[in-house]
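Spelled out from the first residue to the last, the chains are:
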Amino acid sequence: MKYLITTYDRNDVTDHANYCEAHQIPCIYALVLGEKCTVFVHCEKLTGPRSEAIKAHEAEFAEFIARLDNTYAKPAWVQPTLPMSFWYHDLPASAAEDVAEKTYEFLRTILAPFDDK
């Protein structure tokens, strides 16, 4: 599962987070409430080489956030130390999938060497 887009459902979010942790993939989900949404990205549950790969790409993360900043407001919160976590708050609901997909693709390029063969 690449990411989750849902109205607030604690079970959906919990199930997605558990799946991501078990499969050692970043947890990306969007909560859509009416016309607005918040996109969450959590990488802190990654361990071992995946966590190290995230930490080794700090400069690329800064560039990625800057690219998103050109399209959307800055994230409401960015974790100051890696492994990275951030969220975008008060986005138009129509942006949920775009932000989630761009984030997924960016992180996928970093973590692709660790994909199960």
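Residue numbers restart at each chain and count upward from 1, following the sequence in its written direction. The predicted origin of the model limits local features to residues at a pLDDT of at least 70 and limits the giving and counting of side-chain atom pairs to 80 or more, whereas totals for whole chains, interfaces and linings rest on all residues. Hydrogen atoms and water are omitted, and side-chain values are computed over all heavy atoms in the structure.

## Side note on the layout of surface pockets
Next up, step 1: The way it works is a 1 Å grid over only the protein atoms, where trapped points that fit a 1.4 Å probe form a cavity and open points with protein on both sides within 12 Å along at least five of seven lines form a pocket, and then any residue with an atom within 4 Å of a point lines it. Grid points are joined across faces, edges and corners, and a volume is the space filled by probe spheres set on the points. Roughly 150 Å³ of internal volume is contained in the second largest pocket.
Next up, step 2: Ala17, Glu21, Cys27, His42 and Lys45 are the residues nearest the centre of the second largest pocket, which is lined by 13 residues in total.
Next up, step 3: Ten residue types, Ala, Val, Leu, Ile, Met, Phe, Trp, Tyr, Cys and Pro, are classed as nonpolar, four, Asp, Glu, Lys and Arg, as charged, and the remainder, Gly among them, as polar. Here the residues of the lining of the second largest pocket sort into seven nonpolar, three polar and three charged.

## Describing the confidence of the model for the protein
Next up, step 1: A score between 0 and 100, pLDDT records how confident the predictor is in each residue. The share of residues in the protein with pLDDT of 70 or more is 94%, and the mean pLDDT across the chain is 87.
Next up, step 2: Strand β4 (residues 77–78) is the least confidently modelled element of the protein, averaging 79 in pLDDT, while strand β2 (residues 27–33) averages 93, the highest of any element. Labels follow the DSSP assignment, with helices taken as runs of H or I lasting at least four residues and strands as runs of E lasting at least two, numbered in each case from the N terminus.

## Here's the deal with the sheet that holds strand β5 (residues 85–92)
Next up, step 1: A sheet is described by the order of its strands in space; here five strands give the open sequence β1-β2-β3-β5-β4, paired in mixed fashion. Of all strands in the sheet, those with a lone pairing partner are β1 (4–6) and β4, marking the two edges.
Next up, step 2: Across three bridges, β1 lies against β2 in parallel orientation. Within β2, the residue paired with Leu4 across the bridge is Tyr29.
Next up, step 3: In the packing of helix α1 (residues 10–23) onto the sheet, the strands contacted are β1 and β2, and the crossing angle to β2 comes to about 170°. For two strands to count as paired, DSSP must find a minimum of two bridges between them. Residues are treated as being in contact if the distance between any of their heavy atoms lies within 4.5 Å. The angle between two axes is taken between their N-to-C directions and runs from 0 to 180 degrees, where each axis is a line fitted to C-alpha atoms and a helix contributes only its stretch in contact.

## A word on the environment of Leu4
Next up, step 1: Mapping Leu4 onto the fold places it in strand β1.
Next up, step 2: For Leu4, a relative accessible area of 13% corresponds to the buried category.
Next up, step 3: Spatially, the C-alpha atom of Leu4 lies 11 Å from that of Thr14, the residues being ten residues apart in sequence.
Next up, step 4: Among residues more than four places away in sequence, those in contact with Leu4 are Asp12, Val13, His16, Ile28, Tyr29 and Ala30. Burial status follows relative accessibility: with a 1.4 Å probe on protein chains alone, a residue under 20% of its type maximum counts as buried, one over 50% as exposed, and anything between as partly exposed.

## Topic: the nonpolar core
One broad trend across soluble globular proteins is that nonpolar side chains are buried collectively.
Next up, step 1: Only buried residues count toward a nonpolar core, which is a set of Ala, Val, Leu, Ile, Met, Phe, Trp, Tyr and Cys residues joined through side-chain atoms within 4.5 Å. Ile54, Tyr88, Leu91 and Leu107 are the most contacted members of the largest nonpolar core, which totals 28 residues.
Next up, step 2: Taken together, the elements giving at least two residues each to this core come down to β2, β3 (36–42), α2 (48–55), α3 (58–71), β5 and α4 (96–111).
Next up, step 3: For this core, the element with the most residues is α4, which contributes seven residues.
Next up, step 4: Aside from chain neighbours lying at most four places away, what touches Tyr88 is Cys37, Thr38, Val39, Ile65, Leu68, Asp69, Tyr72, Ala73, Lys74, Pro75, Ala76 and Val99.
Next up, step 5: With seven residues, the next largest nonpolar core counts Leu4, Val13, Cys20 and Cys27 among its residues.

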